[in-house]
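# Architecture at a glance
Residue strings, one per chain:
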Amino acid sequence: MILPNPVRRQLLSKLVDIAIALTALFLVVAMFPGASDLIYQSEAVLLALFLALRILVKRNLKHCDHLFVGLILATITYFDDGYTGIDSTWILHIPLTLCVWVLIESAKGRFFWLAMQAVSIGLVNHTQLTPRVDTFVQGTAPLWNNHLNVLSAVTASLLLVRYLHKFNQDILAEAQTQRKQAEAASRAKDEFLSHMSHELRTPLNAIQGFSDLALQTVRNMPDGLEENLRSIRHSADHLTHLVNDILDLARLENGSLALACGGFGPASCITETLDLLRPLAREKNIELVWMGEANLPRVLGDRVRWKQILLNLVGNAIKYTRKGHVRITSQWESTGAELGVLTVRVTDTGNGIAPEDQEKIFQRFQRLGGFDAPSGTGLGLAISDVLAKAMGGLITLQSRLGEGSTFSVAIPFRQTDEDPASQTQLSLASPQSLRGYRILLAEDNRVNIRLATQVLKTLHAEFDVAEDGGKALELLRSTRYDLVLLDLHMPVHDGFEVARQIRDPASDIFHKDVPILALTADAFEETRRKALLAGMDDFLPKPFRIVDLADRALRLVHKA
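Residues numbered from 1 in each chain as written. Predicted model: local features only at pLDDT ≥ 70, side-chain atom pairs only at ≥ 80, totals over all residues. Heavy atoms only, no water.

Along helix 15 (residues 525–533), the positions that sit buried rather than exposed are Glu 525, Thr 527 and Ala 531. End-on, the buried residues of helix 15 take up no more than an arc of 160°, which puts them together on one face. For helix 15, exposure combined with an orientation more than 90 degrees from the buried face picks out Glu 526 and Leu 533. (Buried < 20%, exposed > 50% of the residue type's maximum accessible area, 1.4 Å probe, protein only. Helix = DSSP H or I, 4+ residues; strand = E, 2+ residues; numbered from the N terminus. Arc of directions from axis to C-beta.)

Bringing the packing of aromatic side chains into the picture now. In the structure shown here, the tally under the stated rule is six aromatic pairs. The interplanar angle of 55° and the centroid separation of 6.5 Å between the aromatic rings of Phe 50 and Phe 68 together place this pair among those described as tilted. Within this pair, whereas Phe 50 is found in helix 2 (residues 37–58), its partner Phe 68 is found in helix 3 (residues 64–79), the two being separated by 18 residues in sequence. Considered together, Phe 50 and Phe 68 belong to a single accessibility category, that of buried residues. For the ring pair Phe 362 and Phe 407, a centre distance of 6.2 Å and an interplane angle of 85° mean the geometry is edge-to-face. Taken together, the residues Phe 362 in the loop between helix 10 (355–358) and helix 11 (380–390) and Phe 407 in strand 7 (residues 405–415) connect sequence positions 45 residues apart. Classification of Phe 407 as buried rests on a relative accessible area of 9%. (Phe/Tyr/Trp six-rings, centres within 6.5 Å; stacked < 30°, edge-to-face > 60°.)

This paragraph deals with the environment of Arg 9. By the secondary structure assignment, Arg 9 is in helix 1 (residues 5–29). Overall, Arg 9 belongs to the partly exposed group, its relative accessible area being 40%. Along the sequence, Arg 9 and Cys 64 sit 55 residues apart, while their C-alpha atoms lie 8.9 Å from each other.

The biggest cluster of nonpolar side chains holds 37 residues, and the ones touching the most others in it are Trp 306, Ile 309 and Ile 328. Mapped onto this core, the elements with two or more residues apiece are helix 8 (266–283), helix 9 (303–319), strand 4 (325–336), strand 5 (339–348), helix 11, strand 6 (394–399) and strand 7. In terms of residues, this core owes the most to one element, helix 9, which gives seven residues. Setting aside residues no more than four positions away along its own chain, Ile 328 makes contact with Ile 270, Leu 274, Leu 288, Val 289, Trp 290, Met 291, Val 314, Val 344, Arg 345 and Val 346. The next biggest cluster of nonpolar side chains, apart from the first, holds 35 residues, and it includes Val 16, Ile 39, Cys 64 and Val 100. (Core = buried A, V, L, I, M, F, W, Y, C linked by side-chain atoms within 4.5 Å. Contact = heavy atoms within 4.5 Å.)

Tracing the sequence through the fold places Ser 384 in helix 11. Overall, Ser 384 belongs to the buried group, its relative accessible area being 0%. Separated by 2.8 Å, the side chains of Ser 384 and Asn 312 make a polar contact. With near-sequence residues (within four places) excluded, Ser 384 lies in contact with Gln 308, Ile 309, Asn 312 and Ile 395. (Polar contact = N/O pair within 3.5 Å; in protein donor to acceptor, adjacent residues only side chain to side chain.)

Here we take up the sheet that holds strand 8 (residues 438–442). Reading across from one edge, 9-8-10-11-12 is the order of the five strands in this open sheet, with parallel pairing throughout. Where the open sheet ends on each side, the last strands, each with one partner, are strand 9 (462–466) and strand 12 (538–541). Averaged over all neighbouring strand pairs, the angle between strand axes comes to 20°, with direction disregarded. In this fold helix 14 (residues 495–503) packs onto strand 10 (483–487) and strand 11 (516–520), with an angle of close to 150° to the strand it touches most, strand 10. Those strands touched by helix 16 (residues 546–559) are strand 10, strand 11 and strand 12, and its axis lies near 170° from that of strand 12. (Pairing = 2+ DSSP bridges. Axes fitted to C-alpha atoms, helices over the stretch in contact; angles between N-to-C directions.)

Moving on, we get to empty space enclosed by the protein. With the rule as written, the count across this model stands at two cavities of 30 Å³ or more. In this structure, the largest cavity spans a volume of roughly 460 Å³. Lining the largest cavity are 30 residues; nearest its centre among them are Phe 26, Ile 72, Thr 75, Leu 92 and Ser 152. Going through the elements one at a time, helix 1, helix 2, helix 3, helix 4 (93–103) and helix 6 (141–217) are the ones with two or more residues in the lining of the largest cavity. (1 Å grid on protein atoms, 1.4 Å probe; cavity = no way out; pocket = protein on both sides within 12 Å on 5 of 7 lines; lining within 4 Å. Points joined across faces, edges and corners; volume = space filled by probe spheres on them.)

Attention now moves to unusual backbone geometry. Note the cis peptide between Lys 542 and Pro 543, where omega equals -5°. Turning to its location among the elements, Pro 543 is positioned in the loop between strand 12 and helix 16. Even without glycine at this site, His 63 takes up a positive phi of about 65°. Position of His 63 relative to the elements: it lies in the loop between helix 2 and helix 3. Positive phi is not limited to glycine here, since His 460 has a value of about 60°.

Interhelical geometry of helix 9 versus helix 11 gives an angle of 145° and a closest axis separation of 9 Å. The crossing of helix 9 and helix 11 is left-handed. Residues Arg 305, Gln 308, Ile 309, Asn 312, Leu 313 and Asn 316 of helix 9 form the contact with helix 11, whose own contacting residues are Gly 380, Leu 381, Ile 383, Ser 384, Leu 387 and Ala 388. Here the contact of helix 9 with helix 11 is composed, by residue class, of six nonpolar, five polar and one charged. (Left-handed = near helix turned anticlockwise from the far one by under 90°. Nonpolar A, V, L, I, M, F, W, Y, C, P; charged D, E, K, R; others polar.)

This part takes up a nonpolar patch on the surface. On the surface, Ile 94, Leu 98 and Val 161 cluster together to form a nonpolar patch covering roughly 240 Å² of accessible area. Among the secondary structure elements, Ile 94 is positioned in helix 4. (Patch = residues over 30% accessible without salt bridge, like charges linked within 9 Å, V, L, I, M, F, W, Y side chains within 5 Å. Areas by Shrake-Rupley, 256 points an atom, 1.4 Å probe, with all protein chains shown as cover. Salt bridge = Lys/Arg side-chain N within 4 Å of Asp/Glu carboxyl O.)

Quick look at the packing of helix 1 against helix 3 now. When two helices pack together, their arrangement is given by the angle between the helix axes and the distance between those axes. Two numbers describe how helix 1 lies on helix 3: the axes approach to 11 Å, and their chain directions differ by 30°. Compared by their axis directions, helix 1 and helix 3 come out roughly parallel. Like other packed secondary-structure pairs, helix 1 and helix 3 cross with a definite hand, here left-handed. Across the interface between the two elements, Arg 8, Leu 12, Leu 15, Val 16 and Ala 19 from helix 1 touch Cys 64, Asp 65 and Phe 68 from helix 3. Looking at the contact of helix 1 with helix 3 residue by residue, the class counts come to six nonpolar, no polar and two charged. (Parallel < 35°, antiparallel > 145°, perpendicular 65-115°, else oblique.)

Glancing now at the environment of Pro 297. Position of Pro 297 among the secondary structure elements: in the loop between strand 2 (287–292) and strand 3 (299–301). Those residues in contact with Pro 297 that sit more than four places away from it in its chain are Pro 266, Trp 332 and Gln 415.

Take the pairing of strand 4 next. By the bridge criterion, six bridges tie strand 2 to strand 4 in an arrangement that is parallel. Paired with Leu 288 across the bridge in strand 4 is Val 326. Hairpin connection from strand 4 to strand 5: two residues lie between these consecutive antiparallel strands, with Glu 338 at a positive phi of about 65°.

In short, the description is geometric, and any link to function would need to be established separately.
Right, here's the structure in full:
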């Protein structure tokens, strides 16, 4: 065990003090009748050396630990008369070995002194080279010497063990304190991020929702108005993407980012990704094309996270390409029965990436291009890299300055024949999508109520509005609904309590099996799990697209 320098200095000071006290006792014993003058003189010299060493230790001079070990070893060698002699000085090798292990920091230093101990033992026991001083001691002195040797060995050993034990307890206590502080800081960070996510997503929900409504319902817009609305929508999408990156970073740091497993079609994901990013490519006059296998097999995996990787890679390629094209190729390579590797390559005609930057491109908050670089947090590639590894895959980069870049993501999947209906998104071209269904909207935010009611009117649904959890429960006691759109943070009763009372067999709710769709700006995974445990059937974070709300709602009412 390597002790910190302050602890080693403190321990060394204590050991020197004990050595001084014990040497003084040996000096007193040397005054007894039967002891030779040589013993007395040797003990006096040794006491003087320890006193001098104490001064050096107090001044924090270097290598005092080596001086102490060397002095102790020399003393043992000088006074020891071997295992078969009349003295027990050899027992001091035990605490000396502990001293070497505890006081000497470097491995080479430890090896040296342990080797010197072996040499000392060999010289004392198998040669005539050491002065067997204790053979001159006669009478009662050997008995006192033996007692003092044992006392010295036990005292030094106990001191060393005590310090090691105390140091270990201090380390454990400090680690426990740091763990508690880290947990408290993590909880505070999560609470802050959850609160800020909710506060940011609430207005974003209104911006995106009303933009969608305007684009879908207003006809014959004046020149430039439609473009302005689309710009607002794209800006809101970008801000939502940044918020999602920050939340994903928090999840990755605390290990709460879980991967889903369901059947999905990679081809439809690629198509959706290109449709989302095509306006950005069109604005920069960049050709966005998909080449490769369009009939990719359906696979089992996390559709959302795989699509997130594609969005980051293709989005970055468009942002860092000034002219030319961004080309996507896809390939399925079978590796066994129903197993294979799905590889997607994103190639651009941008400026390329320098070799020294390629090493750090997947690190957090790394952005290329200096002050004129495209906007972003520098988190997209870092998060994508972690997601790909979590799926058992890998993202690689090939790039040369002036020749563009190619990012490749290869992830193993298992093929599936799962019904694709669960992955199909509904179109809002049909305004009767929710006609005939009665829906309860439980929401306390005025702007969100206005948006949701307009969306439900557009979908031709019948609905009631409850502005708090208490009102929602009252309506549920008197009216049968086909679906409940439930906000999680409301006065009187929050969404979790409302869901629990709906599902409680002992409650007086009229329809306990009514489907519940949670609508919340709190997009943390912990919140989603808590909502599902409370009895909710699905979870849709704000801001959401109208098509997503219609899709989830129809899926739930059809399942009921």
